[in-house]
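So you can see what is in the structure, the chains are spelled out below.
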Amino acid sequence: MTPALPLPGRLSRSCSPRRLLARLLPLALLTLPLTATAQVADDELPIAEIQTFAEVFERIKRAYVEEVDDASLLRNAMRGMLSELDPHSSYLDREAFQSLRESTQGEFGGIGIEVGMEDGQLTVITPIDDTPASRAGLQARDQILRIDDTPTEGLSLQEAVELMRGDPGSEIELTILRQGESSPRRIPLTRENIRTESVKSELLTTGFGYLRISQFQTRTGEQVSEHIRQLTRDGELDGLVLDLRNNPGGVLQAAVAVADAFLEEGLIVYTEGRLPDTEMRFSANATTAAPDVPLVVLINGGSASAAEIVAGALQDQKRGVVMGTESFGKGSVQQIMPLGNGEGLKLTTALYFTPGGRSIQAKGIEPDVRVVRGRVEVTENGRGVREADLEGHLGAQEAPREKTERSERLREDYQLSEALNLLKALNVVRQRDR
């Protein structure tokens, strides 16, 4: 039973709600633009709520079990204001602000994982390719229950990220609960200095390319164009797989540049918000890296935000076939707003829409062809008897066909194998139409 504590019936004259209100309101008004200040003057301020805030502030100062300084209380109040808006808005202290800048540039320290809050639970959006998290087998939708000995329940997103960051070489253990499993599992990891190249490519087989984008960084658009040039050095491609699976998103302009690499014209994405400067429209330019290559876009539950912009644009413009499973459904735009003290805000300011007017927020992109994750198993003795198996059969008179090398990825990745099969079918139809 919690003992009853005497609460102060009256506030001290040194910092009464009225005095605190008088101190806070002028400062708040000074930070607003002139137009916003005029609007505040025209509208009725919620004086009662501000007085309640001041009273809570004073009672914490006087009665909390440990002494708390004013700056910490005000910073926590700002964190609370933002965290209650939506899972993606947050107050960024100096360290968090610097970490966010580093991640968009492609270098940061940690385990290489993108996380978010889903129904109040810290959840993996996606592990980043070639990082401790991806090598340990973490998957999209894994719920993180503990970080080392710290339960994640009640932690803010920023606090959780700070716990997972650390010096390269240091150890960390995550306790996760995977969908479909009844008991948690513990996953030990070693932090690394994460340097991510957001784009990779290779030939799956002769004439068919593979382009993987793990996240959207400031230079991703340029890198995509360069990789397409490398893939086409020895001749035109008969098809290309654009892999956006487990891509958590990133820089909006990078997503526009990637979609533009495949579109010669038309709308890519538009945004709508409350302020005029949050309403933007992005369209394709005529200069295009791969305007005619048959395209299959792979997505899954870890494809979010900027990845969904690209998939939605190519789907609406009928530029490619989207294959896989439903995407994550993050259709909001966050603006990074630096503050004068070296800290910042990450604030949701708009929603984005595909060229066809679809909002992806909390809905996601539905693939044109649904293919679940799996592994290709080849059974050597599973075929029936053929002419070539009969003793003494006549040999073929045509010249022996040149052996074609196939990427090892195809054996491990059923979705990718199916994407290649679809591209080959599209190429057959394309050849017949010529």
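Residues numbered from 1 in each chain as written. Predicted model: local features only at pLDDT ≥ 70, side-chain atom pairs only at ≥ 80, totals over all residues. Heavy atoms only, no water.

**Some details on the overall build of the protein**
Our working rule: Helix and strand definitions here come from DSSP, where helices need a minimum of 4 consecutive H or I residues and strands a minimum of 2 consecutive E residues; each element is numbered from the N-terminal end. Computed with a 1.4 Å probe, the accessible areas rest on the Shrake-Rupley method; for each residue, only the protein chains presented here act as cover.
Looking only at helices and strands, one finds 12 helices and 19 strands in the protein. Roughly 25200 Å² of accessible area belongs to the protein as shown, and the carbon and sulfur atoms make up 50% of that amount.

**Remarks on unusual backbone geometry**
Within the chain, D130 stands out as a residue other than glycine whose phi angle is a positive 55°. The residue D130 is located in the loop between β4 (121-127) and α6 (132-135) in this model.

**Concerning the confidence of the model for the protein**
Filter applied, for reference: Known as pLDDT, the predictor's confidence for each residue is given on a scale from 0 to 100. Only heavy atoms enter the contact rule, under which two residues are in contact if any of them lie within 4.5 Å.
Per-chain confidence: the protein averages 84 in pLDDT, with 81% of residues scoring 70 or above. With pLDDT under 50 throughout, residues 34-38 is counted as low confidence; its partners more than four residues away or in other chains account for 2 contacts. The model gives residues 399-403 a pLDDT under 50, and that stretch makes 0 contacts with residues more than four places away or in other chains.

**A look at the sheet that holds strand β15 (residues 295-299)**
Heads up, the rule is: At least two DSSP bridges between two strands are required for those strands to pair. A fitted line through C-alpha atoms represents every axis, and for helices the fit uses only the stretch in contact; the resulting angles, taken between N-to-C directions, go from 0 to 180 degrees.
In spatial order, the strands read β10-β11-β12-β15-β16-β19; together these 6 strands make up an open sheet with mixed pairing. Strands at the two margins of the open sheet, each flanked by one partner only, are β10 (199-205) and β19 (369-370). Examined bridge by bridge, strand β12 (residues 239-243) and β15 share 4 bridges and lie parallel to one another. Paired with D243 across the bridge in β15 is L298. Against the sheet, helix α8 (residues 220-231) touches β10, β11 (208-213) and β12, its axis set at about 25° to β10.

**Structural notes on the environment of P188**
For P188, the location among the structural elements is in strand β8 (residues 185-190). When the C-alpha atoms of P188 and E173 are compared, they prove to be 4.3 Å apart, with 15 residues separating the residues in sequence.

**Concerning the pairing of β4**
The test is simple: Exposure categories follow from relative accessible area, calculated using a 1.4 Å probe and restricted to protein chains: below 20% of the type maximum is buried, above 50% is exposed, and the middle band is partly exposed.
With 7 of its 7 residues buried, β4 lies for the most part within the structure. Direction of pairing for strand β3 (residues 113-118) relative to β4: antiparallel, over a ladder of 6 bridges. Note on β4: the bridge partner recorded for E118 is Q121. Counted along the chain from β3 to the antiparallel partner β4, the turn is 2 residues long, and its residue D119 has a positive phi close to 55°.

**Overview of a negative patch on the surface**
Let me state the cut-off plainly: Exposure above 30% relative accessible area and the absence of a salt bridge qualify a residue for a patch, where like charges join within 9 Å and nonpolar side chains (Val, Leu, Ile, Met, Phe, Trp, Tyr) within 5 Å. The salt bridge criterion pairs a side-chain nitrogen of Lys or Arg with a carboxyl oxygen of Asp or Glu, the two atoms within 4 Å. Only four residue types enter the charge count, namely Lys and Arg as positive and Asp and Glu as negative; His and the chain termini do not. Taken as the charge location is NZ of Lys, CZ of Arg, CG of Asp or CD of Glu.
Side chains of E236, E264, E265 and D292 sit close together on the surface and give a patch of like negative charge. Here E264 shows up in the loop between α9 (252-260) and β13 (267-273).

**Some thoughts on the pairing of strand β18 (residues 344-353)**
In this sheet, β18 lies alongside strand β1 (residues 90-92) in antiparallel orientation, the contact comprising 3 bridges. By the bridge assignment, S90 is partnered in β18 with K346. Pairing of β13 with β18, which is carried by 4 bridges, proceeds in the antiparallel orientation. Counted as the bridge partner of E272 is L351 from β18. Two elements, strand β17 (residues 332-338) and β18, share 7 bridges in a ladder whose sense is antiparallel. Of the residues in β18, the one forming a bridge with V333 is A350.

**Some thoughts on the pattern of salt bridges**
Throughout the structure, instances matching the rule amount to 17 salt bridges. Linking D129 and R212 is a salt bridge whose minimum nitrogen-to-oxygen distance equals 2.6 Å. Here D129 is found in the loop between β4 and α6, whereas its partner R212 is found in strand β11, with 83 residues between them in sequence. We note a salt bridge from R135 to E192, for which the minimum N-O separation is 2.4 Å. Taken together, the positions of R135 in helix α6 and E192 in strand β9 (residues 192-195) put the pair 57 residues apart, joining distant regions of the chain. Residue classification places R135 among the exposed positions, given a relative accessible area of 53%. A cluster of three or more residues bridged by salt bridges with shared partners is formed by D129, R212, D243, R245 and D413.

**A closer look at the packing of α9 against helix α10 (residues 306-316)**
Short version of the rule: Throughout, the term roughly parallel applies to angles under 35 degrees, roughly antiparallel to angles over 145, roughly perpendicular to angles from 65 to 115, and oblique to all others. Put simply, a crossing is left-handed when the front helix is turned counterclockwise from the back one by less than a right angle, and right-handed when it is turned clockwise. Side-chain classes are defined by residue name, with Ala, Val, Leu, Ile, Met, Phe, Trp, Tyr, Cys and Pro counting as nonpolar, Asp, Glu, Lys and Arg as charged, and the others, Gly among them, as polar.
Relative to each other, α9 and α10 sit at 30°, their axes nearing to 9 Å. One element, α9, and the other, α10, form an angle in the roughly parallel class. When you trace α9 past α10, the crossing you get is right-handed. Counting all contacts with α9, which are made through L252, A255, V258 and A259, the residues of α10 involved are A306, I309, V310, A313 and L314. Here the residues of the contact of α9 with α10 sort into 9 nonpolar, no polar and no charged.

**Side note on helix α12 (residues 414-433)**
Put simply, the rule reads: By this rule, a helix spans an expected 1.5 Å times one less than how many residues it contains. Polar contacts here mean pairs of N or O atoms no more than 3.5 Å apart (in protein, one a potential hydrogen donor and the other a potential acceptor; neighbouring residues in sequence count only if both atoms are side-chain atoms).
Compared with an ideal rise of 1.5 Å per residue, which puts 20 residues at 28 Å, α12 spans 29 Å between its outermost C-alpha atoms and is within 8% of the ideal. Every buried residue of α12 is accounted for by Q415, L416, S417, A419, L420, L423 and N427. Buried residues along α12 sit against β10, β11, β12, β15, β16 (321-324) and α11 (409-412). Between a side-chain oxygen at the N-terminus of α12 and the backbone nitrogen of Q415 the separation is 3.3 Å; the capping residue is D413.

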